[in-house]
Amino acid sequence: MRLTRQKLAAAGAVAVLALSGCGSDGDGNGDSEEVPKTATGSLEHLAAEVKCKPNIQTDADTVRQAICKDGDRKFILATFSTDRGQREWINSSKPYGGHFLVGIGAKWVAVGDSKVVTALRGQLGGTMEEGASHHSGSSGGGGTEKHSGHAG
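Attention in this report is confined to the structure presented alongside it.

Cut-offs used in this document
- Residues numbered from 1 in each chain as written.
- Predicted model: local features only at pLDDT ≥ 70, side-chain atom pairs only at ≥ 80, totals over all residues.
- Heavy atoms only, no water.
- Helix = DSSP H or I, 4+ residues; strand = E, 2+ residues; numbered from the N terminus.
- Buried < 20%, exposed > 50% of the residue type's maximum accessible area, 1.4 Å probe, protein only.
- Contact = heavy atoms within 4.5 Å.
- Areas by Shrake-Rupley, 256 points an atom, 1.4 Å probe, with all protein chains shown as cover.
- Salt bridge = Lys/Arg side-chain N within 4 Å of Asp/Glu carboxyl O.
- Polar contact = N/O pair within 3.5 Å; in protein donor to acceptor, adjacent residues only side chain to side chain.

On a plain count of helices and strands, the chain comes out with four helices and six strands. Listed by position from the N terminus, the elements making up the chain come as α-α-β-β-β-α-β-β-α-β. Across the 152 residues that make up the chain, the buried fraction comes to 38%. Within the chain, counting contacts between residues at least 6 apart in sequence, those at least 24 apart form 60% of the total. Only carbon and sulfur atoms are counted for the fraction: they give 49% of the accessible area of the chain, which is about 8900 Å².

Listed below in structure tokens is the structure:
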């Protein structure tokens, strides 16, 4: 069971990284707008609320994950069977960066760039969280890596 969660978390993290892009498209955190009560429901119901047809990537007992596209807007939408599973997925995905809209108590997460997540918050409610910045300010690895197969 643990191996499956790790694989799902890794798949989610890769998708987060691919969708989050570099840089911030938003100029604020959206707190000035009214936030509706946090939406609840199945992945399909949540997707319908934001007018996207979900492309299901993971359909397991513990997590269902889809990529949603609506015009230029692209994001990940995931639902979970438990609050703990939701938090584990978020925690394992945050190191890859991105912006997270979390349906606390509702067991769902939407991930995308800042502008998309802010807009989704206006439709689904939830709480915004931010992943780690993947911009380190340097292009090198610090010189501590060991590479096999290279002549020294």
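Now that the structure is up, let's keep going.
Evaluation of the coordinates by the stated rule reveals six salt bridges. Notably, a salt bridge pairs Glu-129 with Lys-94, separated by 2.6 Å at the nearest N-O pair. You can see Glu-129 sitting in strand S6 (residues 127-130) and its partner Lys-94 sitting in the loop between helix H3 (83-93) and strand S4 (99-103), a full 35 residues away along the chain. Connected through shared salt-bridge partners, Glu-44, Asp-59 and Arg-64 make up one network.

Secondary-structure assignment places Ala-119 in helix H4 (residues 114-124). Ala-119 sits in the partly exposed class, given a relative accessible area of 38%. A C-alpha to C-alpha distance of 9.8 Å links Ala-119 and Arg-73, two positions 46 residues apart in sequence.

Moving on to the side chain of Gln-65. With respect to the helices and strands, the residue Gln-65 is situated in strand S2 (residues 63-70). The class of Gln-65 is buried, set by a relative accessible area of 5%. Of note is the side chain of Gln-65, whose polar atom sits 3.3 Å from the side chain of Trp-89.

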